[in-house]
Amino acid sequence: EKGGYDHFMLKEIIEQPQAIFDSMRGRLDLDKLTITLSGIEQYAEQICKANRIVIVSCGTSWHAGLVAEYLIEELCRINVEVEYASEFRYRNPIVNEGDVILAISQSGETADTLVALENAKSKGAIILGVVNVVGSSIARLSHAGAYTHAGPEIGVASTKAFTAQLTVLELIAIKIAHIKKTIDEQQYAHLLKELSAVPDKVQTILDTQLPKIREIARKYKDARDFLYLGRGYNFPIALEGALKLKEITYIHAEGYPAAEMKHGPIALVDENLPVVFVATKDRYHEKIVSNIQEVKARKGRIIAVITEGDEVSKGLAEDYIEIPDADEIVAPILSVIPLQLLSYYMGVERNQDVDKPRNLAKSVTVE
Ligand code: M6R
């Protein structure tokens, strides 16, 4: 059942090129330059004219929501708010008729997400779902949506469901932007091409970086705390890296936007603190390189996820993991892979039950 792998988590990490491909299959057609998403098309008009889209989710799915916020604002020029379902449901939120609520959930059964959606639906909102489990409660409650095709995810830590969510959210954002004409034809074609190239690039990471990541995991397995930093599209990935580490290794970890470091967390930096920088080449690259220098000056142990061939970052980091070059818009789907693997191998090194971390359930059906 684990397909020859020691753990479901590793199997599911390795399955990501397929899960991402399957989530685009029959939807993205690179020859015809089309995206087919019938559920979304049905509500395209309401989405295009929405004053705002509210994304509601929990945990890793909430991190996917944060990436979607950046994507939808940038590409579609629609205001997006990302809400923890548990907070949204209890604070009497302002929801009006015709508001667009986008739910993201692997299981489709997360209690807080479900109830938040029920409340919004009763106020007349349009509920769109990005869900992995077909026929689940959230899928049934949604007016429309687009399934992720990650296949069953058994490991409690979400991995392939997350990258499948990002893939579908990219498709939705690009589709809406194209309809709204907030991107031009050239950019549209470029984004479709970049997205189609993702499965092969993920495969490249899996084919080339595993031994290196394993070595880094051995080296840092006894660390007490970890800091994860990223900017822009990689900021939610820093949060996701920290969550994955907590779940799988029980090591305390925090994710921050890299520039927030100066507003507190930099006080933690000393020669014992590993700091993971998600520092791929994007419009913020120069800025994050200076953040790396600031941590280095305080003797922090720098582990960097970088774009291959980035000699400057290689020179600064104590350890680095290289990923293929990609447009910053799809980069998070790539940059999260090394972080999943780092947590996995550290969990294994620490002899932990990586598929079933203590105190956690695969789907949180009680609040
Ligand atoms: O099934 P859902 O996507 O609604 O679940 C949301 C969270 O419970 C889930 O992502 C959780 O944070 C995972 N254990 C993260 O690895």
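Residues numbered from 1 in each chain as written. Predicted model: local features only at pLDDT ≥ 70, side-chain atom pairs only at ≥ 80, totals over all residues. Heavy atoms only, no water.

As named in an unreviewed UniProt entry, the protein is Glutamine--fructose-6-phosphate aminotransferase [isomerizing], taken from Sphingobacterium anhuiense. UniProt annotates the protein under Subcellular location (unreviewed entry) with the comment "Cytoplasm". Regarding the protein, the UniProt comment filed under Subunit (unreviewed entry) reads as follows: "Homodimer." (UniProt positions renumbered as here; feature names shortened; annotations may be inferred.)

> Please explain the site of the ligand as it appears in this structure.
Every one of the 13 residues lining the ligand counts as a neighbour, but Ser61, Ser105, Gln106, Thr110 and Glu247 are closest to it. A distance of 2.6 Å separates an oxygen atom of the ligand from a polar side-chain atom of Ser107. Within the backbone of Val156, a nitrogen or oxygen atom sits 3.2 Å from a nitrogen atom of the ligand. For the ligand, the protein covers 91% of the area, taking 410 Å² as the surface of the free molecule. When each cavity is represented as a set of grid points, the ligand is found to reside in the largest pocket. For the shell around the ligand, the secondary structure elements donating two or more residues are α5 (59-76) and α12 (235-249). Here the residues of the shell around the ligand sort into three nonpolar, eight polar and two charged. (Near = heavy atom within 4 Å. Polar contact = N/O pair within 3.5 Å; in protein donor to acceptor, adjacent residues only side chain to side chain. Areas by Shrake-Rupley, 256 points an atom, 1.4 Å probe, with all protein chains shown as cover. 1 Å grid on protein atoms, 1.4 Å probe; cavity = no way out; pocket = protein on both sides within 12 Å on 5 of 7 lines; lining within 4 Å. Sits in = over half its atoms within 2 Å of the grid points. Helix = DSSP H or I, 4+ residues; strand = E, 2+ residues; numbered from the N terminus. Nonpolar A, V, L, I, M, F, W, Y, C, P; charged D, E, K, R; others polar.)

> Explain unusual backbone geometry to me, please; I cannot follow it from the model alone.
Keep in mind that most residues, glycine aside, have a negative phi and that most peptide bonds are trans. Even without being glycine, Arg77 reaches a positive phi, approximately 55°. Its location among the elements puts Arg77 in the loop between α5 and β4 (79-84). Taking the relative accessible area as the measure of exposure, Arg77 reaches 58% and is therefore exposed. One non-glycine residue with positive phi stands out, namely Lys181, at about 60°. (Buried < 20%, exposed > 50% of the residue type's maximum accessible area, 1.4 Å probe, protein only.)

> It is not clear to me how helix α15 (residues 331-349) should be interpreted in this structure. Could you clarify?
Along an α-helix, residues three or four positions apart point the same way, because every turn accommodates 3.6 residues. For α15, with 19 residues, the first-to-last C-alpha span of 28 Å sits near the 27 Å given by 1.5 Å per residue. For α15, the buried fraction is high: 17 of the 19 residues fall into the buried class. Note on α15: the residue one or two positions beyond its end, Asn351, has a positive phi of about 60°. (Expected span 1.5 Å × (residues − 1).)

> Help me understand the pattern of salt bridges, please; the structure alone is not making it clear to me.
A side chain with one charge may pair with a side chain of the opposite charge, provided their charged atoms come close. In total, this model carries 26 salt bridges according to the counting rule given. Across the pair Glu81 and Arg52 runs a salt bridge, and its minimum N-O distance is 3.0 Å. Of this pair, Glu81 sits in strand β4 while Arg52 sits in strand β3 (residues 52-57), and the two are 29 residues apart along the sequence. On the basis of relative accessible area, Glu81 is assigned to the partly exposed category, the value being 28%. Close ionic contact of Arg224 with Asp225 constitutes a salt bridge, the shortest N to O distance being 3.2 Å. With relative accessibility at 68%, the residue Arg224 sits in the exposed group. (Salt bridge = Lys/Arg side-chain N within 4 Å of Asp/Glu carboxyl O.)

> Would you take a moment to explain the nonpolar core for this structure?
Core analysis: the largest hydrophobic core is formed by 93 residues, its most contacted members being Leu75, Phe226 and Tyr228. In this structure Tyr228 touches Ala238, Gly241, Ala242, Leu245, Ala253, Glu254, Gly255, Tyr256, Val276, Leu339 and Leu342, once residues within four positions along its chain are discounted. One finds Leu229, Leu273, Ile302 and Ala304 within the second-largest nonpolar core, a separate group that totals 18 residues. (Core = buried A, V, L, I, M, F, W, Y, C linked by side-chain atoms within 4.5 Å. Contact = heavy atoms within 4.5 Å.)

> Please clarify how the sheet that holds strand β9 (residues 252-257) should be interpreted in this entry.
Each strand in a sheet pairs with another by means of backbone hydrogen bonds, the pair being arranged parallel or else antiparallel. Reading across from one edge, β9-β8-β10-β11-β12 is the order of the five strands in this open sheet, with parallel pairing throughout. Each having just a single partner strand, β9 and β12 (319-323) make up the two edges of the open sheet. Put simply, the sheet's adjacent strands are angled 15° from each other on average, direction ignored. Judged from the four bridges that link them, strand β8 (residues 225-230) and strand β10 (residues 274-278) form a sheet pairing that is parallel. Residue Leu229 lies in a different strand from β10, and its bridge partner there is Phe277. Most of the contacts of helix α11 (residues 198-220) go to β12, to which it runs at about 160°, and overall it touches β8, β10, β11 (301-307) and β12. Across the sheet, α12 is in contact with β8, β9 and β10; its angle to β9 comes to roughly 175°. (Pairing = 2+ DSSP bridges. Axes fitted to C-alpha atoms, helices over the stretch in contact; angles between N-to-C directions.)

> Mind showing me how you'd approach the confidence of the model for the protein here?
Mean pLDDT over the protein stands at 96; residues scoring 70 or higher make up 100%. Note on the complex model: pTM 0.98, ipTM 0.99. (pLDDT = per-residue confidence, 0-100.)

> Honestly, the layout of surface pockets in this entry has me stumped. Any pointers?
In this approach a probe as big as a water molecule rolls over the atoms, and the regions it shows empty are the leftover space. Considering only enclosed or pocket space, the largest pocket measures out at about 520 Å³ in volume. As for the largest pocket, its lining consists of 25 residues, of which Cys58, Gly59, Thr60, Lys362 and Val364 are closest to the centre. Elements with a contribution of two residues or more to the lining of the largest pocket: α5, β5 (100-105), α7 (111-122) and α12. Along the lines of polarity and charge, the residues of the lining of the largest pocket split into nine nonpolar, 10 polar and six charged. (Points joined across faces, edges and corners; volume = space filled by probe spheres on them.)

> Would you mind showing me how to read the pairing of β5 here?
For a regular strand, the rule is simple: side chains alternate between the two faces of the sheet. Among the six residues in β5, six count as buried, and that is most of the element. Alternating residues of β5 divide into Val100, Leu102 and Ile104 and Ile101, Ala103 and Ser105, and every residue in both groups is buried. Of the strand pairs in this sheet, β3 and β5 are connected by four bridges, and their pairing is parallel. Paired with Val56 across the two strands is Ala103, which belongs to β5. When β5 meets strand β6 (residues 126-131), the two strands line up parallel, connected through six bridges. When the bridges of β6 are listed, Ser105 appears paired with Val131.

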